[in-house]
Amino acid sequence: MEIKKFLAAGKWCSSRRSFEIKNPFNGEIVDHVHKPSADDVERAIAAADKAFDSWRKAPLYERSAILMKAAGLVAERRETLAKTIALEAGKPIKTARGEVDRTAGLFVDAVAAVRGFSGELLPVDINPTAEGRKGIVKRFPIGPLSAITPFNFPLMLVAHKFAPAVGAGCTLVHKPASATPLSSLLLAEIMIEAGTPAEVISVLPLSGDDAAALVDDPRLKGLTFTGSAAVGWGLKARVFRKRVSLELGGNAAAVVHEDADVDYAAERCVAGGYAYAGQSCISTQRIIVHEKVYDDFLAAFIPQVEALKAGDPLDEETDVGPVITPGDADRISRWILEAKNSGANLVCGGEREGSVIRPAVLEKVAHSANVWKKEAFAPLTVIEKYGEFEDALRMVNDSDFGLQAGVFTRDVERIWQAYEELEVGGVIAGDMPTFRADNQPYGGVKDSGFGREGVRWAMEEMTEPKALIINIRR
Ligand code: NAP
């Protein structure tokens, strides 16, 4: 098997060390990847630093042409990319195709975002001392950046770093998750083919332990991190003088009110709770249902959960594949058992075969249990009952996290109340919290993060405003 090279300082490189990528479903070796040395890391950072000076001045037509071409190449390589995601991340192939399609769409949106990313003409003559002055504000790229990404959307979340960096005029040294570097490397190939100057993006498949320079090196002026809260906040504490954006985890909730279309809500909560075995930062983990429609909701929800097909990600019929490691499967089984031992009712699922866990539904769960208060990142949902809408909102907010929340109601006043009261980065009305439009400002409050993503919003994080005040008469 040929060992995959990594991209550093504009060149595809090999090294003396390599590591295996394993299929999370059956443990088979999918590929081997060369592992960068400390020298490779140094070369990549130095190249990003050097290339920044010319790249930050690249004209708009050049940057938008790269993004447009990247969109086309992603769409053209749909099957190769989807199969790679399925093999390295264990994502069901039909879900993986959806990730590829969203990635192509994200690059198209990036073209619009880049073209619309203009500055501001500022009326500065607010007092006599400023008479005759005109103000202009334009955003400038902050410098070379590092980007660190998780395993669960190994293509799309990398595109959420590459596209705004290209758009904003930043250079980037990227570290993919150790489990899933292949999609990143394929996307890097696409970026180069689309015309990105090779030194602008490096992809270094390092372990977290080997990635210290990507966090600490002062030549990298910012860190854009997507991953768990434990790792993200730890990195931010290390580099408090840098620009850091954190896209972290959650235990998202959906509220199903008594006036909702219960069948529709049940169908959407199945999609939100079990897609990619619940391994999404906005997976629908807690479902809070009005007491008057609780039984109807369960009657619609449970048969659909039981009908989900769990198994091999490469099987076209599979809805729920494995979780990423056997260790994660162990933890999830433990959490389900712990909930049962403290009085919860396991309505269905939870059986385990290898790293595949049958979709589980729990009710009557203590709010001190891990499946309620922590991020489960598992094919499970917890159903809870409420009487007053305000109680439901309080339960949603009863969390250290705050990424997104879904509210199924047709009452505009309640939608607005939820929008004002919920401590989250986004409220999704009439749908599950797992819905994300790739051009919305996306990110969390509380432990769920710091800063926003979505190309236009990420470009704001990667740039800073600079004022030009012109004294017209001089
Ligand atoms: P993770 O364990 O935090 O890892 C994320 C990335 O950080 C990986 O590339 C990892 O490398 C790296 N890393 C770990 N320790 C590091 C260190 N000391 N220095 C530098 N890099 C380090 O998260 P994960 O398990 O891959 O992904 C799941 C998490 O991501 C969940 O919490 C999920 O909610 C969150 N997530 C958030 C969003 C969002 O947009 N808000 C989207 C997707 C996922 P290794 O792989 O080598 O350990």
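The following paragraphs examine the structure supplied in this document. (Residues numbered from 1 in each chain as written. Predicted model: local features only at pLDDT ≥ 70, side-chain atom pairs only at ≥ 80, totals over all residues. Heavy atoms only, no water.)

1. A short note on the pairing of strand β8 (residues 172-175)
Here comes step 1: Residues Leu172 and His174 line one face of β8 and the alternating positions Val173 and Lys175 line the opposite face, and both faces are buried.
Here comes step 2: Bridge analysis of strand β7 (residues 145-148) against β8 gives four bridges, and the strand direction is parallel. Bridged to leucine 145 within β8 is leucine 172.
Here comes step 3: On the question of chirality, the crossover connecting β7 to the parallel β8 by way of helix α5 (residues 156-168) is right-handed.
Here comes step 4: Bridge count between β8 and strand β9 (residues 201-203): three bridges; the pairing is parallel. Paired with leucine 172 across the bridge in β9 is isoleucine 201.
Here comes step 5: With helix α6 (residues 181-193) bridging β8 and the parallel β9, this β-α-β connection has right-handed handedness. (Buried < 20%, exposed > 50% of the residue type's maximum accessible area, 1.4 Å probe, protein only. Helix = DSSP H or I, 4+ residues; strand = E, 2+ residues; numbered from the N terminus. Pairing = 2+ DSSP bridges. Right-handed = clockwise from strand over helix to strand, strands pointing away.)

2. Observations regarding the packing of aromatic side chains
Here comes step 1: Scanning the entire structure with this criterion turns up seven aromatic pairs.
Here comes step 2: Between phenylalanine 151 and phenylalanine 377 the ring centres are 6.0 Å apart and the planes differ by 90°, which places this aromatic pair in the edge-to-face class. In this pair, phenylalanine 151 sits in the loop between β7 and α5 while phenylalanine 377 sits in the loop between α12 (370-373) and β18 (380-386), placing the two residues 226 residues apart along the sequence. Phenylalanine 377 carries the same exposure label as phenylalanine 151, and that label is buried.
Here comes step 3: Here the aromatic rings of phenylalanine 297 and phenylalanine 301 are separated by 5.1 Å at their centres, their planes lie at 20°, and the arrangement is stacked. Of the two residues, phenylalanine 297 and phenylalanine 301 are both situated in helix α10 (residues 294-306); the distance of four residues between them amounts to about one turn of the helix. The two residues phenylalanine 297 and phenylalanine 301 agree in class, both being buried.
Here comes step 4: By way of ring pairs, the aromatic residues Phe151, Tyr276 and Phe377 are connected into one cluster.
Here comes step 5: Lying over the aromatic face of phenylalanine 140, lysine 466 brings its terminal NZ or CZ to 4.4 Å of the ring centre. (Phe/Tyr/Trp six-rings, centres within 6.5 Å; stacked < 30°, edge-to-face > 60°. Lys NZ or Arg CZ within 6 Å of the ring centre and 35° of its normal.)

3. Some points on the nonpolar core
Here comes step 1: Grouped together as the largest cluster of nonpolar side chains are 75 residues, with contacts concentrated most on Phe107 and Leu204.
Here comes step 2: If you tally residues by element for this core, the top one is helix α4 (residues 93-115), at ten residues.
Here comes step 3: The residues contacting phenylalanine 107, other than those within four sequence positions of it, are Leu67, Ala70, Ala71, Val74, Ala159, Ala163, Leu187 and Met191.
Here comes step 4: Ranked by size, the runner-up nonpolar core spans 58 residues in total, among them Ala253, Leu298, Ala329 and Val365. (Core = buried A, V, L, I, M, F, W, Y, C linked by side-chain atoms within 4.5 Å. Contact = heavy atoms within 4.5 Å.)

4. Examining unusual backbone geometry
Here comes step 1: Within the chain, alanine 277 stands out as a residue other than glycine whose phi angle is a positive 50°.
Here comes step 2: If you trace the backbone, alanine 277 turns up in the loop between α9 (262-274) and β13 (286-290).
Here comes step 3: Positive phi values are uncommon outside glycine, yet lysine 446 reaches one of about 50°.
Here comes step 4: In this fold, lysine 446 is placed in strand β22 (residues 445-446).

5. Notes on the sheet that holds strand β6 (residues 133-141)
Here comes step 1: Pairing within the open sheet is antiparallel, and its three strands lie in the order β5-β6-β24. In the strand order of this sheet, the two ends are held by β5 (120-122) and β24 (463-471), each with one partner. Along the sheet, successive strands turn relative to each other by an average axial angle of 25°, direction set aside.
Here comes step 2: Pairing of β5 with β6 involves three bridges; the strand directions are antiparallel. In the sheet register, leucine 121 faces β6, and the bridge partner there is isoleucine 136. (Axes fitted to C-alpha atoms, helices over the stretch in contact; angles between N-to-C directions.)

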